[in-house]
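# Observations on the three-dimensional arrangement
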Amino acid sequence: MQAIRGATTVSENTVEAIQEATMEILDEIEKRNNLHPTDMISVTFSVTSDLDAIFPAAVARHRPDWNNVPMIDVQQMSVPGSLEKCIRILIHAYIKSNSSISHIYLRHAAKLRPDWNLPQPLQASQSK
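Under the annotation held in an unreviewed UniProt entry, the protein carries the name chorismate mutase and is attributed to Calothrix parasitica NIES-267.

In structure tokens:
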């Protein structure tokens, strides 16, 4: 069993923005870790107090094969000066022992863990 971390940010507290950011980071986590939902033990989403339009777990439940993954949403501790509009993720999963873990930090959340930062995926608007 391994733990995979990740975080992303949204530009505004809307259902659409949270859906887009949640799907984007989960796509990257699955792809870069060769991870399938049936390998997951549990997923914890934490969000900053300025995000309340929709639960990230509710978004994730609409992904293929995610309906049986135990998930919970919690509110991130509020610390003055901390990153705003942030969604953090902690996934516990069974990972092949010879696989390396890719922790994914996207958008403004990339500055949270520059030591784990990977190149950003192309946004749909950038790839055209």
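## Topic: the side chain of Thr8
Mapped onto the elements of the fold, Thr8 is located in strand E1 (residues 2-9). In contact with Thr8, other than residues within four places in its own chain, are Ala21, Glu24, Ile25, Lys85, Cys86, Ile87, Leu106, Arg107 and Ala109.

## Let's talk about the UniProt feature "binding site: prephenate" (unreviewed entry) in the protein
UniProt annotation of "binding site: prephenate" (unreviewed entry) refers to Arg5, Arg88 and Tyr105 when read in the numbering used here. For the annotated residues, spread through 101 residues, the largest C-alpha to C-alpha distance comes to 8.9 Å, consistent with a single compact locus. Aside from chain neighbours lying at most four places away, what touches Arg88 is Arg5, Gly6, Ala7, Thr44, Phe45, Ser46, Thr48, Gln76 and Leu112. Topologically, Tyr105 is positioned in strand E5 (residues 104-105). Using a relative accessible area of 3% as the deciding quantity, one classes Tyr105 as buried.

## Examining the environment of Ala17
Structurally, the position occupied by Ala17 is in helix H1 (residues 15-32). With 36 residues separating them along the chain, Ala17 and Ala53 place their C-alpha atoms 9.2 Å apart. In this structure Ala17 touches Val10 and Glu12, once residues within four positions along its chain are discounted.

## Describing H1
Between its first and last C-alpha atoms H1 spans 26 Å; for 18 residues at 1.5 Å apiece the expected length is 26 Å, and the two agree. By the burial criterion, the buried members of H1 are Ala17, Ile18, Ala21, Thr22, Glu24, Ile25, Leu26, Glu28, Ile29 and Glu30. Buried residues in H1 make contact with E1, strand E2 (40-47), helix H2 (56-60), strand E4 (86-93) and E5.

## Quick look at unusual backbone geometry
Unusually for a residue other than glycine, Asn34 sits at a positive phi of about 45°. Within the secondary structure, Asn34 is located in the loop between H1 and E2. Residue class for Asn34 comes out exposed when judged on its relative accessible area of 63%. The backbone of Arg107 shows a phi angle near 55°, a positive value even though the residue is not glycine. Mapped onto the elements of the fold, Arg107 is located in the segment after E5. Residue Arg107 is classed as partly exposed on the basis of its relative accessible area of 25%.

## Regarding the sheet that holds E2
What links the strands of a sheet is backbone hydrogen bonding, and the strands pair in either a parallel or an antiparallel sense. Pairing in this open sheet of 5 strands is mixed, and the strands run E3-E2-E4-E1-E5 from one edge to the other. Edge positions in the sheet fall to strand E3 (71-75) and E5, since each of these pairs with one other strand and no more. As judged from the 7 bridges shared by E2 and E4, these two strands associate in the antiparallel manner. When the bridges of E4 are listed, Val47 appears paired with Ile87.

Basis of the calculations
- Residues numbered from 1 in each chain as written.
- Predicted model: local features only at pLDDT ≥ 70, side-chain atom pairs only at ≥ 80, totals over all residues.
- Heavy atoms only, no water.
- Helix = DSSP H or I, 4+ residues; strand = E, 2+ residues; numbered from the N terminus.
- Contact = heavy atoms within 4.5 Å.
- UniProt positions renumbered as here; feature names shortened; annotations may be inferred.
- Buried < 20%, exposed > 50% of the residue type's maximum accessible area, 1.4 Å probe, protein only.
- Expected span 1.5 Å × (residues − 1).
- Pairing = 2+ DSSP bridges.

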